[in-house]
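Here is what each chain is made of, one letter per residue.
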Amino acid sequence: PHTGRLALYLLGLRATCPPHSPQRSLVTWLKYYLEEDWTGSRRHGHPLTSYYQYGLGVLALCVHHKRVREEVIRRLLTAQHHGRLGHAGNAVDTEAVVALAFTCLERRRLVGTGLAAELQAAAHGASKSMAEAQGPDGIIGNIYSTPWALQVFLATGACQTEPAFGRAMAALLENLEAFGTTATMAQVLPVLHGRSYLNIASMHCQEEPDTLTPMDIEPPTEVPGNKTVQLVVECPLPWCYELRLYDRPVPVPAAASLLDVLWAAAALEPHDFKFHTQDTPQGPFLTQVLGLEARQEKRNYWQLLTAPNTPLQMGIADYKPQDGETLILRLSEW
């Protein structure tokens, strides 16, 4: 099911103040995808897509003032109560999306009084756990999950009393260059205006003059020279025949990203090094390395680290390693 993508589209459509309300068929499709995800959850114990996409679907329906079956909502509540919403930075993203959905349902009065109280308590609990997850640099989870956490602070009113809000906002302002894709910009822009996705639901749309003008963006300057990156592939899982599956130096141009490093490794040894990616709104996502596939239903993923054990804060297309840096692709469970 394309739950997450359609949910983001409906959120964006609502935010643009279209002259006519979106076609009912889009909302109907989103409800259908949520039911498809629910079927997968009943069979596998989790949604076919992810709790992140599932939560986005509920949030988008709420922003469009549509009711959601209580069974669907309670599936999210149960997942939150049992700590099943994700891993590392991904957990912050998912918990934030779910908390925003809960707050929207409670504020829009789309659920009964008893359930509304449960949702409010769950959202405030998520806000506290995000504050506790804040690192010494102010980042919550990773730089891309930080705007989601800030949206929760804004939506729940914790921004006025939670010290983590100010530290996270300062960290965000110091790292704005990381938000270069449409999807990541969409997450950070509301926060920079002191808003969250919940504000979309209560917008008073009116005719506005077309004042948007295209930006004159200069092409990035070429960085001369070359660099060498040590590329390591690890599989610490019990069923792997050895821990370190690949460990080679890879020469690349000085401006190369991690994705460029992977392509260079594949060009150097086409029979030994192979990888696959999947396109997502946030950019390419690493799904397979050396024939080992990270799969949602197996609850594993390719973790990106810089040696010895520091998780990367950017995706493979955005991160640009330094000369001599060791990068580790580690198949991990969550």
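Residues numbered from 1 in each chain as written. Predicted model: local features only at pLDDT ≥ 70, side-chain atom pairs only at ≥ 80, totals over all residues. Heavy atoms only, no water.

(A) Region of interest: the pairing of strand β4 (residues 283-289). The buried count for β4 comes to 5 of 7 residues, which makes it a mostly enclosed element. One ladder, built from 6 bridges, connects strand β3 (residues 275-280) with β4; its direction is antiparallel. Each bridged residue has a counterpart across the sheet, and for F275 the counterpart in β4 is V289. With 2 bridges joining them, β4 and strand β5 (residues 292-293) adopt antiparallel strand pairing. Pairing of Q288 across the sheet is with E293, part of β5. The turn joining β4 and β5, which pair antiparallel and follow one another in sequence, is formed by 2 residues; a positive phi near 50° is taken by L290. (Buried < 20%, exposed > 50% of the residue type's maximum accessible area, 1.4 Å probe, protein only. Helix = DSSP H or I, 4+ residues; strand = E, 2+ residues; numbered from the N terminus. Pairing = 2+ DSSP bridges.)

(B) Geometry of unusual backbone geometry. For the bond running from A307 to P308, omega is 5°, close enough to zero to count as cis. Position of P308 among the secondary structure elements: in the loop between β6 (300-306) and β7 (310-311). Even without being glycine, H65 reaches a positive phi, approximately 65°. The class of H65 is partly exposed, set by a relative accessible area of 35%. Positive phi, normally seen in glycine, also occurs at R109, with a value near 55°. The exposure class of R109 is exposed, given its relative accessible area of 70%.

(C) Molecular detail of the nonpolar core. Counting 72 residues, the largest nonpolar core has L59, F102, L105, M130 and F153 as the members making the most contacts within it. Of all hydrophobic cores here, the second largest spans 32 residues; its members include C240, L258, L259 and A294. (Core = buried A, V, L, I, M, F, W, Y, C linked by side-chain atoms within 4.5 Å.)

(D) Layout of the pattern of salt bridges. Here the structure, examined in full by the defined rule, presents 9 salt bridges. The residue R69 makes a salt bridge to E35 at a minimum N-O spacing of 3.0 Å. Here E35 lies in helix α2 (residues 24-44) and R69 lies in the loop between α3 (51-63) and α4 (70-81), a separation of 34 residues in the sequence. Take R69: its relative accessible area is 37%, and that puts it in the partly exposed class. Here E234 and R244 are joined by a salt bridge, their closest N and O atoms 2.9 Å apart. A residue pair is termed long-range when its members are at least 10 positions apart, and E234 in strand β1 (residues 226-234) and R244 in strand β2 (residues 244-253) qualify at 10 residues. Classification of E234 as buried rests on a relative accessible area of 6%. For R244, a relative accessible area of 39% puts it in the partly exposed group. Residues participating in the shared-partner salt-bridge network are E234, R244, D247 and R330. (Salt bridge = Lys/Arg side-chain N within 4 Å of Asp/Glu carboxyl O.)

(E) Expanded view of helix α8 (residues 163-174). Taking 1.5 Å of rise per residue, the 12 residues of α8 would be expected to cover 16 Å, and the 18 Å separating its terminal C-alpha atoms lies within 8% of that figure. Considering only its buried residues, α8 is in contact with α6 (113-132), α7 (146-156) and α9 (182-192). (Expected span 1.5 Å × (residues − 1). Contact = heavy atoms within 4.5 Å.)

(F) Expanded view of the state of the cysteines. Inspection of every chain in the model, using the stated rule, returns 1 disulfide. Residue C62 pairs covalently with C104 via a disulfide, S to S 2.0 Å. Measuring the twist about the S-S bond at about -95°, one finds the C62-C104 disulfide to be left-handed. Of this pair, C62 sits in helix α3 while C104 sits in helix α5 (residues 88-107), and the two are 42 residues apart along the sequence. (Disulfide = S-S within 2.5 Å.)

(G) Spatial organisation of α6. For α6, spanning 20 residues, the distance from its first C-alpha to its last is 29 Å, which sits close to the expected 28 Å at 1.5 Å a residue. Among all positions of α6, only L115, A116, L119, A122, A123, A126, S127, M130 and A131 are buried.

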